[in-house]
Amino acid sequence: MKKLSIFGFMAAFLVLWASIASAAIKLPDPQTSGGMGLFEALKLRQSAPGGNFPKGELSAQELSNVLWAMSGLNRGDSGWTVPMANGLPPYVRIYAATKDGTFLYDWSRHSLEDISDKDIRADIGAQRFAADASCILILVEDGGTLAEQYGDETVETEFANVAAGAMTQHAYLAAAAMNFGARYIHSMKIENIVSSLRLPETDRPICIFLLGK
Ligand SMILES: Cc1cc2nc3c(=O)[nH]c(=O)nc-3n(C[C@H](O)[C@H](O)[C@H](O)COP(=O)(O)O)c2cc1C
């Protein structure tokens, strides 16, 4: 009887493990060569108009490229496309809200972790047009990690905002290089974001970033 219950526990554990493992969606490898030159992309960088935001979906490759540009590994196991204070791993997380649900970008595996299958795009921007974007990135300060390192809220907020600026500028340049629309948005429904993403108290939404083509 005792043996059976141990086997039962192990079976439940394996099912749970399998479901957790399958909740990660591997992205295609990011493009790391070719494409438009940096200076040409700088010349083209702009925000797509909010009122007429492009509604088309990005391909998996385009999404992979833009996420990698924002905080992907570019030098082995601990070097990223954006600078982070003290060389810490990225302390601004990127969530992606799409019609298929909400995901968290895992830079270490270059994959998307399933957060929920709910489409929250219409609930998180304060401006109505945000709902038109095929993908809304939500940048969130990982306050727990920063507090452990610095223990000074002013410094932590500043460092997270600097990182978010670098990340979103990379996203703008990637969008220019691949010819799709992007827009930084500060006006967001913070309470809805916190509850939809089930954020701990330490974590702070910084901005949302619309993508579409
Ligand atoms: C810090 C910051 C906050 C912004 N917040 C919003 C916003 O809440 N809503 C919006 O429609 N655009 C927002 N934008 C986009 C700007 O309006 C846009 O970047 C600006 O008009 C300049 O256009 P450009 O990016 O094409 O140069 C924001 C941009 C920045 C940098």
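Peer 1: Any details on the overall build of the protein? Residues and values, ideally.
Peer 2: Scanning the protein from N- to C-terminus turns up seven helices and seven strands. Start at the N end of the protein and walk to the C end: the helices and strands fall as α-β-α-α-β-β-β-α-β-α-α-β-α-β. When contacts within the protein are restricted to residue pairs at least 6 apart in sequence, those whose partners lie at least 24 apart make up 73%.

Peer 1: Lay out the site of the ligand in plain terms, naming residues and giving numbers.
Peer 2: Around the ligand, the structure places Gln 46, Ser 47, Gly 50, Gln 127, Arg 183, Tyr 184, Ile 185, His 186 and Ser 187. Residues belonging to the shell around the ligand are distributed by class as follows: two nonpolar, six polar and one charged.

Peer 1: Just give me the short version of the nonpolar core, but keep the residues and values in it.
Peer 2: Within the largest apolar cluster, 52 residues are counted, with the highest numbers of intra-cluster contacts made by Ile 136, Leu 137, Ile 138, Leu 139, Ala 171, Leu 210 and Leu 211. Within the residue set of this core, elements represented by two or more residues are α3 (60–71), β2 (92–98), β3 (101–106), β5 (135–141), α6 (153–178), β6 (181–185) and β7 (204–212).

Peer 1: If you had to explain the packing of α3 against α6 to someone new, which residues and values would you point to?
Peer 2: Their axes nearest at 8 Å, the elements α3 and α6 cross at an angle of 145°. Relative to α6, α3 is oriented so that their crossing is right-handed. Only Met 167, His 170, Ala 171, Ala 174, Ala 175 and Met 178 of α6 make contact with α3, whose side of the interface consists of Glu 62, Asn 65, Val 66, Ala 69, Met 70 and Ser 71. Here the contact of α3 with α6 is built from residues that sort into eight nonpolar, three polar and one charged.

Peer 1: Quick rundown of the pairing of β7? Include the residues and the values.
Peer 2: Burial analysis of β7 places eight of its nine residues in the buried class, the great majority of the element. With seven bridges connecting them, β5 and β7 associate as antiparallel partners. Each bridged residue has a counterpart across the sheet, and for Ile 138 the counterpart in β7 is Ile 208. The pairing of β6 with β7 spans five bridges and is antiparallel. In the sheet register, Ile 185 faces β7, and the bridge partner there is Ile 208.

Peer 1: So what's going on with the environment of Gly 144? Which residues, and what values?
Peer 2: Relative to the helices and strands, Gly 144 is located in helix α5 (residues 143–150). Residues in contact with Gly 144, not counting those within four places in the same chain, are Pro 200 and Thr 202.

Peer 1: How would you sum up the environment of Met 167? Please name residues and give values.
Peer 2: When you line up the elements, Met 167 lands in helix α6. In this structure the C-alpha to C-alpha distance between Met 167 and Leu 139, which are 28 residues apart in sequence, comes to 9.1 Å. In contact with Met 167, not counting residues within four places along its chain, are Met 70, Ser 71, Val 82, Val 92 and Leu 139.

Conventions used here
- Residues numbered from 1 in each chain as written.
- Predicted model: local features only at pLDDT ≥ 70, side-chain atom pairs only at ≥ 80, totals over all residues.
- Helix = DSSP H or I, 4+ residues; strand = E, 2+ residues; numbered from the N terminus.
- Contact = placed C-beta atoms within 7 Å.
- Near = placed C-beta within 6 Å.
- Nonpolar A, V, L, I, M, F, W, Y, C, P; charged D, E, K, R; others polar.
- Core = buried A, V, L, I, M, F, W, Y, C linked by C-beta atoms within 7 Å.
- Buried ≥ 20, exposed ≤ 12 C-beta atoms within 10 Å, placed from the backbone.
- Axes fitted to C-alpha atoms, helices over the stretch in contact; angles between N-to-C directions.
- Left-handed = near helix turned anticlockwise from the far one by under 90°.
- Pairing = 2+ DSSP bridges.

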